[in-house]
Amino acid sequence: MQTDSRTYSLPRWRITRWLADCGADVPEDIRVALVGNLYGTLPVFVGGILNTLLVAAAIAARSPTPLFIAWAAVEIAICLARLGVLILARRRALARRPTPTDVNLLLSVAWSGSVGYGALISLATGDWVAATLACVSAGAMVGGVCFRNFSAPRLCGTMIVLSLGPTIPGALLAGQPLMLVLFFQIPMYLAAMTMACFKLNRMLIATMRAERENDRRARHDELTGLPNRSGLVSALDERLSGLSAPDQTLALLYLDLDDFKVVNDTHGHAAGDLLLESVGKRIRALLREGDLPARLGGDEFVVLTASCTAEEATAFGRGLVEVIGAPYDLGSGGSARIGVSIGVAMAPEHGRNAADLLRAADAALYQAKFAGGARCQAASEDDLVRLRRLLARGTGQPARPSAAA
């Protein structure tokens, strides 16, 4: 997979979509990563073109006939075009702009066809030095293609057939009966290498799916499906870094359920888990596009919402208090009712990093709990001053009082 920040475009043309296809059930983010692999790296690319260019040039110098001179010229043209496309694609991918993926795929096919053409004409002339060089080059290309381009097994199979397949008619044109063994050997080799491409592709996709799932689990809460603390901090840092204009704002609402322990003690942990799932669903139902909910753990939740004022964020928090405070069906005829206290902090006013913003929202949440719970409280300057004094003394933040206090 691509490990840098470059993002390459998926192919758009029918033929290139078919060449790059890796299965109907493959997620788009994995498809994008697989397409990125097809561009390879500059050192690998340079090694490949040096191989084919040197072989074509050497054979053309040995036998300067129109056929070989034309082959060398085609090799030079294709390699220069591929180099230009690769450089352009890398720049565009880094800038998150559309990349010439369709052209890159077709040039890869043309390159393998050129190598196969060179093997064909070398065998046909009966020059065994040239034929040896050309066939070794084609074989080397097949190995490289199989272990470099298996991100797109159809492209891989096509390139394998085009680069080494022409040796079959070339063996017939060579006029040597012993060469007819290629009629049996090469098809089996082509089939085996193509099958290897498909097998490697399946293994790669399985690995990428596993990595994707592990990453999702590392960033999401298993019970509610919401992002966890790690996922929240990552998203929060990303959104805070995007606050460049003076009028851009981000609100963080810190939610803590009131009397949740009573539900756990009365109805059991299974009922408590069911209630937490229901809270997550109710939060999702109130979100706007672009809002991000998260569960920090226990009975604590967070909602990030952008492009709103402190008053709008507080009004949204009051809506959450009302919706979350409605009764819950816990199954088996049981029901429960809880409240929620919410603290609101605004960026950049109350902080420009995740830690400061969470502390400011937590200070406001403390005040909401202290006032009796089941309410939404926006962070004030007094809260922040009090919090800074506590942190300066090294005492940390005092424990929140219960809603019933």
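Quick caveat, the model's predicted, so the values are computed rather than measured.

K.L.:
Would you take a moment to explain the pattern of salt bridges for this structure?
P.N.:
Side chains that carry opposite charge are capable of pairing whenever their charged atoms lie near each other. This model, assessed by the stated rule, comprises 15 salt bridges. When the shortest N-O distance is used, the salt bridge between Asp-21 and Arg-31 registers 3.6 Å. Residue Asp-21 is found in the loop between α1 (14-20) and α2 (28-39), and its partner Arg-31 is found in helix α2; the two are separated by ten residues along the sequence. The partly exposed category is assigned to Asp-21, whose relative accessible area is 23%.

K.L.:
Just checking my understanding: could you explain helix α9 (residues 182-219) for this structure?
P.N.:
Residue pairs spaced three or four apart in an α-helix point in one direction, given the helix's 3.6 residues per turn. Spanning 38 residues, α9 covers 54 Å between terminal C-alpha atoms, matching the ideal 56 Å at 1.5 Å per step. For α9, the complete set of buried residues consists of Leu-182, Ile-186, Leu-190, Met-193, Thr-194, Cys-197, Asn-201, Leu-204, Ile-205 and Met-208.

K.L.:
I would appreciate a short explanation of the packing of aromatic side chains in the present structure.
P.N.:
Describing an aromatic ring pair means giving the distance of the ring centres and the angle of the ring planes. What the rule picks out here adds up to two aromatic pairs. Pairing Tyr-8 with Tyr-39 gives two aromatic rings, centres 4.3 Å apart and planes at 20 degrees, and the pair type is stacked. Taken together, the residues span a long stretch of sequence, with Tyr-8 in the segment before α1 and Tyr-39 in helix α2 at a distance of 31 residues. Residues Tyr-8 and Tyr-39 agree in their burial class; the two are buried. Between Tyr-366 and Phe-370 the ring centres are 6.3 Å apart and the planes differ by 20 degrees, which places this aromatic pair in the stacked class. Linking Tyr-366 with Phe-370, this pair stays in helix α14 (residues 354-370), spanning four residues, or about one helical turn. The class for Tyr-366 is buried, based on a relative accessible area of 18%. Judged by its relative accessible area of 57%, Phe-370 is exposed. A cation sits over an aromatic face here: Arg-282 above Tyr-328, 3.6 Å from the ring centre.

K.L.:
Even after reading the chapter, I still don't get the state of the cysteines, so can you show me in this structure?
P.N.:
Joining two cysteines, a disulfide is a covalent bond between their sulfur atoms. For the structure shown, the criterion picks out one disulfide. Each sulfur of the disulfide joining Cys-156 and Cys-197 lies 2.3 Å from the other. Within this pair, whereas Cys-156 is found in helix α7 (residues 153-164), its partner Cys-197 is found in helix α9, the two being separated by 41 residues in sequence. There is no split in this pair, since Cys-156 and Cys-197 are both buried.

K.L.:
So what exactly am I meant to see when it comes to the nonpolar core here?
P.N.:
Nonpolar side chains tend to gather and get buried jointly when the protein is soluble and globular. Formed by 44 residues in total, the largest nonpolar core has its most connected members in Leu-34, Trp-111, Leu-155 and Ile-160. In terms of residue count, the dominant contributor to this core is α9 (eight residues).

About the cut-offs
- Residue numbering note: each chain is counted from 1, following its sequence as written.
- Totals for whole chains, interfaces and linings use all residues, but because this is a predicted model, local features are given only for residues with pLDDT of at least 70 and pairs of side-chain atoms are given and counted only at 80 or more.
- Remark: hydrogens and water are excluded; side-chain values derive from all non-hydrogen atoms of the structure.
- Here, a salt bridge means any side-chain nitrogen of Lys or Arg that lies within 4 Å of a carboxyl oxygen of Asp or Glu.
- Put simply, DSSP marks the helices as runs of H or I at least four residues long and the strands as runs of E at least two long, and each gets a number from the N terminus on.
- The buried label goes to any residue with under 20% of its type's maximum accessible area, the exposed label to any with over 50%, and the partly exposed label to all in between, with areas taken from a 1.4 Å probe on protein chains only.
- The span you would expect from a helix comes to 1.5 Å times its residue count less one.
- Centres within 6.5 Å are what make two rings of Phe, Tyr or Trp a pair, Trp counting through its six-membered ring; a difference in plane orientation under 30 degrees is then read as stacked, over 60 as edge-to-face, and the rest as tilted.
- Counted as over-ring charges are cases with an Arg CZ or a Lys NZ within 6 Å of the ring centre that also lie within 35 degrees of the ring normal.
- Here, two cysteine sulfur atoms that lie within 2.5 Å of each other are counted as a disulfide.
- Joining through side-chain atoms within 4.5 Å is the link that ties buried Ala, Val, Leu, Ile, Met, Phe, Trp, Tyr and Cys residues into a set, and such a set is a nonpolar core.

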